[in-house]
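Listed below are the residues making up each chain.
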Amino acid sequence: NSKVIQTPRYLVKGQGQKAKMRCIPEKGHPVVFWYQQNKNNEFKFLINFQNQEVLQQIDMTEKRFSAECPSNSPCSLEIQSSEAGDSALYLCASSHREDTQYFGPGTRLLVL
Amino acid sequence: GDSVTQTEGLVTLTEGLPVMLNCTYQTIYSNPFLFWYVQHLNESPRLLLKSFTDNKRTEHQGFHATLHKSSSSFHLQKSSAQLSDSALYYCALIPGGNYKPTFGKGTSLVVHP
């Protein structure tokens, strides 16, 4: 069973508001991933980290998205100015290198 | 870039019939890792199977898949579908040496009595 913790489970924001979600990876997993799962259940890879360093990231939607994984603190994903199209399930996963990813329960964001 | 193709968006089966969900991939890396994840309703994805070496079958919970590099495929099979198998199934690729994952669009499997 996955031990990845994501908070909050649900997040409701108005358009233009900031939305921030957090993830604590499984202990000992150096790689953390963020995904957006849309209403069609499609996965969109956003960014991944190894320890505190960014490995890969997509061109994050007009730079409204930012993420970090500071040492000794939860990883976070923040949307600076939420839009209706950002409404989705945001999944965090952690792993050892190119191994199995363990997913957290997700943060479901609703932008009104 | 890398890609994963799952040709079926929806598969509907009667309980007891065999399951086959297709997955093909494209990558420039010679040693990719392939995975099948399953996501039940209102749950997060969890690993079902992962590939090992070329042409070696991997099995778990009645499901099996074989990585065939010659055809760039990692199809998921089960001999007899159960009602509890109804879920979303995702095929995923992680290229060796590059941690950026690519997921297929997913296949929704519906098993009815």
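Remember, predicted model here, so these are calculated numbers, not experimental data. (Residues numbered from 1 in each chain as written. Chains lettered and ligands numbered in written order. Predicted model: local features only at pLDDT ≥ 70, side-chain atom pairs only at ≥ 80, totals over all residues. Heavy atoms only, no water.)

(A) Focus on the nonpolar core. Ranked by internal contacts, the top residues of the largest apolar core, which has 24 residues, are L34, W36, L48, L76 and Y89 of chain B. Every element with two or more residues in this core is listed here: β2 (10–14), β3 (19–21), β5 (33–39), β6 (46–50), β8 (63–66), β10 (87–94) and β12 (107–112) of chain B. In terms of residue count, the dominant contributor to this core is β10 of chain B (four residues). Core analysis: the next-biggest nonpolar cluster, separate from the first, contains 20 residues, M21, V32, L46 and C92 of chain A among them. (Core = buried A, V, L, I, M, F, W, Y, C linked by side-chain atoms within 4.5 Å. Buried < 20%, exposed > 50% of the residue type's maximum accessible area, 1.4 Å probe, protein only. Helix = DSSP H or I, 4+ residues; strand = E, 2+ residues; numbered from the N terminus.)

(B) Spotlight on the sheet that holds β3 of chain B. All names here are of chain B. The antiparallel open sheet is built from four strands, whose spatial order is β3-β9-β8-β7. Looking at the sheet topology across the chains shown, the edges are occupied by β3 and β7 (57–60). Sheet twist, expressed as the mean angle between neighbouring strand axes with direction ignored, is 20 degrees. (Pairing = 2+ DSSP bridges. Axes fitted to C-alpha atoms, helices over the stretch in contact; angles between N-to-C directions.)

(C) The arrangement of the interface of chain B and chain A in detail. Across the boundary between the two partners, chain B contributes 20 residues, which contact 21 residues of chain A. Buried surface at the junction of chain B and chain A, both sides included, amounts to about 1,800 Å², of which 60% is carbon and sulfur. At the boundary of chain B with chain A, the tally comes to zero salt bridges. For the interface between chain B and chain A, the tally reads six residue pairs in polar contact (both at pLDDT 80 or more). (Contact = heavy atoms within 4.5 Å. Buried area = accessible area lost by both parts, 1.4 Å probe. Salt bridge = Lys/Arg side-chain N within 4 Å of Asp/Glu carboxyl O. Polar contact = N/O pair within 3.5 Å; in protein donor to acceptor, adjacent residues only side chain to side chain.)

(D) Seen up close, unusual backbone geometry. Residue and element names in this part refer to chain A. Note the cis peptide between T7 and P8, where omega equals -10 degrees. By secondary structure assignment, the location of P8 is in the loop between β1 (5–7) and β2 (10–13). A positive phi angle, near 55 degrees, is found at N51, a position not held by glycine. With respect to the helices and strands, the residue N51 is situated in the loop between β5 (43–50) and β6 (53–57). On the accessibility criterion, N51 (44% relative accessible area) is partly exposed. For N72, which is not a glycine, the phi torsion comes out positive at approximately 60 degrees. Among the secondary structure elements, N72 is positioned in the loop between β7 (65–68) and β8 (75–79). According to the relative accessible area criterion, N72 is exposed, its value standing at 82%.

(E) Seen up close, the pattern of salt bridges. All chains considered together, the criterion is met by four salt bridges over all chains. A salt bridge links E83 of chain A to R64 of chain A; the shortest N-O distance between them is 3.4 Å. Of the two residues, E83 of chain A sits in the loop between β8 and β9 (88–95) while R64 of chain A sits in the loop between β6 and β7, which places them 19 residues apart along the sequence. We classify R64 of chain A as buried; its relative accessible area is 7%. Of the charged contacts, one joins K78 of chain B and D85 of chain B as a salt bridge, the two residues approaching to 2.7 Å between their closest N and O atoms. Assessed through its relative accessible area of 7%, K78 of chain B is described here as buried. What you see here is one network of salt bridges that share partners, running through R64, E83 and D86 of chain A.

(F) Representation of the sheet that holds β8 of chain A in the model. All names here are of chain A. Spatially, the four strands line up as an open sheet ordered β1-β3-β8-β7, and their pairing is antiparallel. Whereas interior strands pair on both sides, the edge strands pair on one side only; in this sheet they are β1 and β7. Neighbour-to-neighbour, the strand axes of this sheet turn through a mean angle of 15 degrees, independent of strand direction. The sheet contact formed by strand β3 (residues 19–24) and β8 spans five bridges and is antiparallel. The partner of C23 across the bridge, within β8, is C75.

(G) Region of the structure containing the pairing of β10 of chain B. All names here are of chain B. Of all eight residues in β10, eight are buried, a share of seventy percent or more. Burial of the side chains of β10 extends over both faces: A87, Y89, C91 and L93 are buried on one face and L88, Y90, A92 and I94 on the other. Across seven bridges, β5 lies against β10 in antiparallel orientation. Paired with Q39 across the two strands is L88, which belongs to β10.

None of this, on its own, says anything about what the molecule does.
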